[in-house]
Amino acid sequence: MIKTIIFDLGGVILTIDQDEALRRFTALGLKDATTWLDPYTQKGIFGDLEEGKISAETFRAELSKLAGRELTMADCDYAWHGYVEAVPQRNLQTLKALRARGYQICLLSNTNPFMMHWALSKDFDGAGNSIEAYFDRLYLSYQCKVMKPAQRIFEMVLEGEQVKPEETLFIDDSPANCAAAEQLGIRTLCPPNNEDWTEALEKLLCPA
């Protein structure tokens, strides 16, 4: 019986626009942005930021060097926010309904302070609520100091929620992340990036 449902952020809760993010970082002066930015797991200073190895300020300074000009924190915020295409209301309503049905709802995201600066603000859902209004707990890579698909971050969620793997469902658009979770005995749902997963989830929770 599923007790806890763990959701990814980008590509699941919100739809992402990889091309817009690439355009914004390129406009800041970052050359070969495609070699730095990935839809699932970031590299270089981008990965270091999301793994909590460097601070937001250090990232700003290092990105400035790559861009060849001094960038501000607002510049970084703007570029990272290029990933956000939309936050579908159907997803948020589903989260609310699941909590009302008694499920523990958690977020597990490879993310960073710039993305969470927006997500933790009242601008997140367009109705004055932050992402915290929709989840019981947030497990964020830069705070956990480890990124998916490392198994340790899944173990941290299981320990934090005090739940068994077989009582847990993980929803992520990355096959590699889902495979890592499955190795621990966690059930998974891997919808294509940005696609509606709500019906597939309901079929898993309430099979005919």
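Within each chain, residue numbers correspond to sequence positions counted from 1 in written order. This being a predicted model, a pLDDT of at least 70 is required before a residue's local features are given, and a value of 80 or more before pairs of side-chain atoms are given or counted; all residues contribute to the totals for chains, interfaces and linings. The basis for every side-chain value is the complete set of non-hydrogen atoms in the structure, without hydrogens or water.

Enquirer: Can you walk me through the sheet that holds strand S6 (residues 168-171) in this structure?
Expert: Two pairing modes exist for strands in a sheet, parallel and antiparallel, and in both the strands are linked by backbone hydrogen bonds. Two strands are counted as paired when DSSP detects at least two bridges linking them. Helix and strand assignments follow DSSP, with helices taken as H or I runs no shorter than four residues and strands as E runs no shorter than two, numbered in order from the N terminus. The 5 strands lie next to each other as S5-S4-S1-S6-S7, forming an open sheet whose pairing is parallel. For this open sheet the edge positions go to strand S5 (137-140) and strand S7 (187-189), each flanked by a neighbour on one side alone. Each strand axis lies, on average, 20 degrees off the axis of its neighbour in the sheet, ignoring direction. Running at roughly 155 degrees to S7, helix H11 (residues 198-205) makes contact with strand S1 (4-7), S6 and S7 of the sheet. A fitted line through C-alpha atoms represents every axis, and for helices the fit uses only the stretch in contact; the resulting angles, taken between N-to-C directions, go from 0 to 180 degrees. By the convention used here, residues are in contact when the closest approach between their heavy atoms is within 4.5 Å.

Enquirer: Looking at this model, I keep getting lost on the packing of helix H4 (residues 56-67) against helix H5 (residues 73-80). Mind explaining?
Expert: A pair of packed helices is characterised by two quantities: the angle between their axes and the separation of those axes. Where H4 contacts H5, the two axes come as close as 10 Å, and the packing angle between them is 90 degrees. In terms of their interaxial angle, H4 and H5 are classed as roughly perpendicular. Residues Ala 56, Glu 57, Phe 59, Arg 60 and Leu 63 of H4 touch H5, and the partners they reach there are Met 73, Cys 76 and Trp 80. Any angle that is under 35 degrees is reported as roughly parallel, and any over 145 degrees as roughly antiparallel; angles of 65 to 115 degrees are reported as roughly perpendicular and all others as oblique.

Enquirer: Please clarify how the nonpolar core should be interpreted in this entry.
Expert: As a rule of thumb, nonpolar side chains are buried together in soluble globular proteins. Of all hydrophobic cores here, the largest spans 52 residues; its most connected members are Ile 5, Phe 7, Ile 13, Phe 25, Phe 59 and Leu 63. If you tally residues by element for this core, the top one is helix H7 (residues 113-119), at 5 residues. Apart from the residues lying within four places of it in its own chain, the contact partners of Phe 25 are Leu 30, Leu 37, Phe 46, Phe 59, Leu 63, Ala 79 and Trp 80. Listed in part, the 16 residues of the second largest apolar core include Ile 6, Tyr 139, Phe 154 and Ile 186. As used here, the term nonpolar core means buried Ala, Val, Leu, Ile, Met, Phe, Trp, Tyr and Cys residues forming a set that is joined through side-chain atoms within 4.5 Å. Exposure is judged per residue with a 1.4 Å probe applied to protein chains only, and the accessible area is read against the type maximum: over 50% gives exposed, under 20% gives buried, and values in between give partly exposed.

Enquirer: I would appreciate a short explanation of helix H6 (residues 89-100) in the present structure.
Expert: One turn of the α-helix equals 3.6 residues, which is why residues spaced by three or four share an orientation. The span you would expect from a helix comes to 1.5 Å times its residue count less one. Relative to the 16 Å expected for 12 residues at 1.5 Å per residue, H6 spans 17 Å between its end C-alpha atoms, a close match to the ideal helical length. Those residues of H6 that fall on the buried side of the exposure criterion are Asn 91, Leu 92, Thr 94, Leu 95 and Leu 98. Here the buried residues of H6 occupy an arc of 155 degrees about the axis, which is enough to place them on one side. Along its buried surface, H6 packs onto S1, strand S4 (104-109) and H11. Here, the arc refers to the directions that run from the helix axis to the C-beta atoms.

Enquirer: Sorry if this is basic, but what is going on with the pairing of S1 here?
Expert: Put simply, side chains in a regular strand alternate between the two faces of the sheet. Of the two faces of S1, the one lined by Thr 4 and Ile 6 and the one lined by Ile 5 and Phe 7 are each fully buried. Sheet topology places S1 next to S4; 4 bridges connect them, and they run parallel. When the sheet's bridge partners are listed, Phe 7 is paired in S4 with Leu 107. Here 4 bridges tie S1 to S6, and the two strands are oriented parallel to one another. What sits directly across from Ile 5, in S6, is Leu 169.

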